[in-house]
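Here's the letter readout for the chains.
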Amino acid sequence: MQTTQKEIATATVNYLPADTERPQIFIDPDGQIGRRIDPVREQTLVTLCDVREGEAPKFSSHGLEFINAPSKVDEFGADQTFRAAYDPEIDALIKKVSGAQEVVIFDHTVRVDDNNIRRPARHVHGDYSATSGPVRLRELLGDETAAEWEKGQYGIINVWRPIKHPVQTAPLAFADPTTVQEGDWTDIDMIYPDRRGQITGLKRNDEHRWLYMSEMTPEEAVVFTTFDSAGTPAIGHSAVDLTVLPKNAKPRQSIETRALVRFD
């Protein structure tokens, strides 16, 4: 019987140029609420390796793992009443996947791929830098408790899942960390009217291998590192734009949850 090979997916991602030096993102500059000024990025066509079709990454080796994780929660309203049921699920999932001993969930963000104010982030980045990770720890736990955590290994983990329906637009994709070099990373200063923050960005490198899970469902999730006090780099990730979309594709809806984790 003749079989048809699955079509290889391609998508565009937005990198920082390879010669970028100390980029900045300005949020609400000059009091213009909702405005954002980003550094120049290079739109790049990449091939996506579907983890459904080959060996999937593991958290223990890649800091990244896709997992079947059905939730009892299917409504994620702005009042965040869902947290009573959802947070314990995420706590258990993070401990199972990462081996963390303690989990402190501190943020949930719902994104919708339309004109929603929180659209998927279409630039290759890590959520925290070597500077901003420890700052976030102290903001959330206070100096005394943070000092106790700093005696051992701690980090920040993101759990991402689709909501409502399978992902058909702007899937979340990851630069395989085994193909990313230390020099590919650069810090990005986030400049707000009243404060400064910092994330990291990836510069373009054609050696990067891109991973994703095709048509992820709300019963599936991906768990990945965004900061590690042991010095392991964050996982570069981005919403990507597929070059071929299903007919009448529904806009992606997703929720991401961030948590402080302590390993010992």
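Everything numeric in this text was worked out from a predicted model, so none of it was measured.

(A) View of the side chain of R111. Inspection of the secondary structure assignment puts R111 in strand β6 (residues 102-112). Side-chain polar atoms of R111 contact the backbone oxygen of R119, separated by 3.0 Å. Residues in contact with R111, not counting those within four places in the same chain, are R118, R119, P120, A121, R252, Q253, S254 and E256.

(B) Focus on the pairing of strand β2 (residues 24-27). Side chains I25 and I27 of β2 all project onto a buried face; the interleaved residues Q24 and F26 project onto a face where none is buried. Bridge count for β2 against strand β10 (residues 185-191) is 3 bridges, and the pairing is parallel. Bridging from a neighbouring strand, I25 pairs with M190 of β10. Relative to strand β3 (residues 36-37), β2 runs antiparallel, the two being bridged by 2 bridges. Bridge pairing links I27 to R36 in β3.

(C) Expanded view of the nonpolar core. Within the largest apolar cluster, 22 residues are counted, with the highest numbers of intra-cluster contacts made by L93, I94 and V159. Among the secondary structure elements, those contributing two or more residues to this core are α2 (83-98), β6, β8 (154-162), β13 (220-228) and β16 (253-262). The dominant element in this core, judged by the number of residues it contributes, is α2, at 5 residues. Listed in part, the 15 residues of the second largest apolar core include V13, Y15, A175 and V180.

(D) Focus on the environment of K72. With respect to the helices and strands, the residue K72 is situated in the loop between β5 (64-68) and α2. Sequence separation between K72 and R196 is 124 residues, and the spatial gap between their C-alpha atoms is 37 Å.

(E) Molecular detail of the sheet that holds β5. In space, the 5 strands of this open sheet follow the order β5-β13-β8-β16-β6, with antiparallel pairing throughout. Looking at the sheet topology across the chains shown, the edges are occupied by β5 and β6. With direction set aside, neighbouring strand axes in the sheet form an average angle of 20°. Strand contacts of helix α3 (residues 132-149): β6, β8, β13 and β16, with the helix running at about 30° to β16, the strand carrying the most contacts.

(F) Region of interest: α2. Look at α2: 21 Å from first C-alpha to last across 16 residues, which is about the 22 Å you get at 1.5 Å a residue. Check the buried side of α2 and you find it contacts α1 (59-62), β5, β6, β8, β13 and β16. G99 sits one or two positions beyond α2 and adopts a positive phi of about 85°.

(G) Molecular detail of α3. The terminal C-alpha atoms of α3, which comprises 18 residues, lie only 16 Å apart, well short of the 26 Å expected from a rise of 1.5 Å per residue. Where α3 bends most, the angle comes to about 120°, and this point is G142. For α3, the set of buried residues is S132, G133, L137, A146 and W149. On its buried side, α3 packs onto β6, β8, β11 (196-202), β13 and β16.

(H) Region of interest: the side chain of T44. Checked against the element boundaries, T44 lands in strand β4 (residues 42-50). Residue T44 is classed as buried on the basis of its relative accessible area of 5%. For T44, the side chain forms a polar contact with the main-chain oxygen of E42, separated by 3.3 Å. When near neighbours in sequence (up to four residues on either side) are disregarded, T44 contacts A11, T12, V13, Y15 and R204.

(I) Main features of the pairing of β10. Of all 7 residues that make up β10, 6 are buried, and the element is covered over most of its length. Both β10 and β11 contribute to a ladder of 7 bridges, which runs antiparallel. Bridge pairing in β11 places M190 opposite G197. Between β10 and β11, which pair antiparallel one after the other, the connecting turn spans 4 residues.

(J) Molecular detail of the packing of aromatic side chains. Inspection of every chain in the model, using the stated rule, returns 7 aromatic pairs. Measuring from ring centre to ring centre gives 6.1 Å for F82 and Y86, while their planes differ by 70°; the resulting arrangement is edge-to-face. Judged on exposure class, the residue F82 and its partner Y86 are both buried. Centroid distance F174 to F224: 5.0 Å. Interplanar angle 70°. Geometry classified as edge-to-face. Linking F174 in strand β9 (residues 172-175) with F224 in strand β13, this pair joins segments that are 50 residues apart in sequence. Exposure remark for F174: the relative accessible area of 0% places this residue in the buried category.

Parameters and conventions
Residues numbered from 1 in each chain as written. Predicted model: local features only at pLDDT ≥ 70, side-chain atom pairs only at ≥ 80, totals over all residues. Heavy atoms only, no water. Helix = DSSP H or I, 4+ residues; strand = E, 2+ residues; numbered from the N terminus. Polar contact = N/O pair within 3.5 Å; in protein donor to acceptor, adjacent residues only side chain to side chain. Contact = heavy atoms within 4.5 Å. Buried < 20%, exposed > 50% of the residue type's maximum accessible area, 1.4 Å probe, protein only. Pairing = 2+ DSSP bridges. Core = buried A, V, L, I, M, F, W, Y, C linked by side-chain atoms within 4.5 Å. Axes fitted to C-alpha atoms, helices over the stretch in contact; angles between N-to-C directions. Expected span 1.5 Å × (residues − 1). Bend = angle between axes of the 7 residues up to and from the residue. Phe/Tyr/Trp six-rings, centres within 6.5 Å; stacked < 30°, edge-to-face > 60°.

Keep in mind these values describe shape, not function.
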